[in-house]
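# Secondary and tertiary structure notes
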Amino acid sequence: MKSRIPLSIAIAAATLVTACAQQRPATTMKEAARDRFLIGTALNEGQIWGRDTAGVRVVRENFNAIVAENCMKSEAIHPERDRYSFDSADRLVEFGQENGLTVTGHTLIWHSQLPRWFVYNDDGSLRSADELKAIMKEHITAVVGRYKGRIKGWDVVNEAIMEDGSYRRSPFYEILGEEFIPLAFQYAHEADPDAELYYNDYNMWFEGKRNAVVKLIGELRERGLRIDAVGMQSHMGMSHPDFAEYEKSIEAFAAAGVKVMVTEFDMSALPTAYVGADIAAGNAEASQALNPYADSLPAEAYEAWHKRMEQALSIMLRHSDDITRVTFWGVSDGDSWLNNFPVRGRTDYALPFGRDHRAKPIVARFIEMCAEKQNNE
């Protein structure tokens with residue numbers, strides 16, 4: 001006859017096991033921040049297809065959200081009017097599902113990495129308003145619809161507003177004016193009514209841009225259109241952004257009624273040669289002054305980088321009630337787009353994991369910071 005454990009003892013044992021599990025110290029950023037926000041990273045082709053086995057290991061162990069670095073941009077996913085290329089995007093979404101990762105789609109409407117046919121006729125003239133509306137709707141419906149129910153949210157429009165608050169004079173703007181943004185949000189919502197929708201941009205700490213984005217949020221809401229969050233691209237350096245202004249933007253967007261996502265997060269350890277992510281500057285001539293640490297990062301520079309990264313993460317933790325995701329733009333230093341930008345051969349050290357795929361001390365410090373915040377609440 002089988003002996004039975006009294007129910008009260010079983011419940012007590014289960015409670016003890018749960019308590020012990022809860023008390024186990026976090027060992028990764030995603031574990032430490034699990035009650036705060038998602039910790040994400042951007043995947044390149046080598047990671048999407050499993051060729052970068054070390055990178056894949058880091059992703060599985062340390063992140064709980066992913067986004068495509070390039071394979072969902074229109075140039076890659078829709079290279080010709082009548083041809084889509086979904087292979088890498090499909091694999092990214094499959095990888096996310098296989099590993100229990102939250103997947104974000106990036107990006108639906110962007111003036112860069114855009115196939116020429118999208119906005120120009122064969123003779124070089126801009127498409128008509130009706131033509132562009134039809135193309136936008138077809139593209140957004142096809143892409144968003146394909147991943148309906150499998151992608152949490154989309155960067156619907158990327159980098160449409162300038163630092164002074166004016167609209168970028170992109171082909172989308174030249175053809176449709178400001179209307180291209182609400183149209184994109186409308187089409188995306190129609191394609192997947194359950195998906196979250198985001199506006200994503202860089203240099204969001206500039207007052208003019210901040211105010212324009214707040215105004216955009218209000219206008220979309222007034223028209224009954226969905227916008228869930230603002231993505232603050234956070235390409236930082238040793239001298240930018242002004243953290244006070246960065247924090248003001250988080251507060252302003254939250255006050256406007258949306259969540260905030262820290263997107264494309266990295267911090268260059270090198271001398272500032274630009275502000276933001278305007279890749280048109282990538283043709284600058286090589287200069288030793290812009291690539292001072294080609295072989296390794298000196299201890300003094302490393303300490304300064306670590307201190308500034310800690311300051312940035314502290315701001316994010318302070319506003320964790322309003323921030324839903326922090327996504328690093330790359331898995332390790334070797335993957336960063338900042339290598340070779342804005343000059344070829346430039347070697348940067350911008351992410352929490354080094355070229356050897358080992359965690360830098362900032363990872364352990366972030367885990368400590370999360371625990372400290374928890375203990376102080």
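The present account deals with the structure reproduced in this document. A quick note: this is a predicted structure, and the numbers were derived from the prediction, not measured. (Residues numbered from 1 in each chain as written. Predicted model: local features only at pLDDT ≥ 70, side-chain atom pairs only at ≥ 80, totals over all residues. Heavy atoms only, no water.)

To continue, consider the pairing of strand β4 (residues 153–158). Counting buried positions along β4 yields six of six residues, so the element is predominantly enclosed. Strand direction decides the pairing type here: strand β3 (residues 102–110) and β4, joined by five bridges, are parallel. Residue pairing in the sheet places Thr104 in a bridge with Gly153 of β4. Between the parallel pair β3 and β4, the chain is carried across by helix α7 (residues 129–146), and the sense of this crossover is right-handed. With five bridges joining them, β4 and strand β5 (residues 196–201) adopt parallel strand pairing. In the strand pairing of β5, Trp154 is matched with Leu197. (Buried < 20%, exposed > 50% of the residue type's maximum accessible area, 1.4 Å probe, protein only. Helix = DSSP H or I, 4+ residues; strand = E, 2+ residues; numbered from the N terminus. Pairing = 2+ DSSP bridges. Right-handed = clockwise from strand over helix to strand, strands pointing away.)

Right, let's talk about unusual backbone geometry for a bit. For the bond running from His106 to Thr107, omega is -5°, close enough to zero to count as cis. Take Thr107: it is sitting in strand β3. Across the junction of Phe341 and Pro342, the peptide omega takes the value 0°, indicating a cis bond. Positionally, Pro342 belongs in the loop between β8 (323–328) and α13 (361–376). Despite not being glycine, Gln113 has its phi angle at roughly 45°, a positive value.

Here we come to the nonpolar core. Judged by nonpolar contacts, the single largest core of 103 residues is most densely connected at Met72, Met136 and Met316. Membership of the second largest hydrophobic core comes to seven residues, among which are Ala42, Val67, Trp337 and Leu338. (Core = buried A, V, L, I, M, F, W, Y, C linked by side-chain atoms within 4.5 Å.)

All right, on to helix α11 (residues 243–255) then. With 13 residues, α11 should reach 18 Å at 1.5 Å per residue; the first-to-last C-alpha distance of 18 Å fits that figure. Buried residues of α11: Phe243, Tyr246, Glu247, Ser249, Ile250 and Phe253, and no others. An end-on view of α11 places all buried positions within 155° of arc, on one side of the element. Summarising the contacts, the buried residues of α11 are in contact with α10 (207–222), β6 (229–236), β7 (259–267), α12 (299–318) and β8. Positive phi shows up at Gly257, right after α11, with a value of about 100°. (Expected span 1.5 Å × (residues − 1). Arc of directions from axis to C-beta. Contact = heavy atoms within 4.5 Å.)

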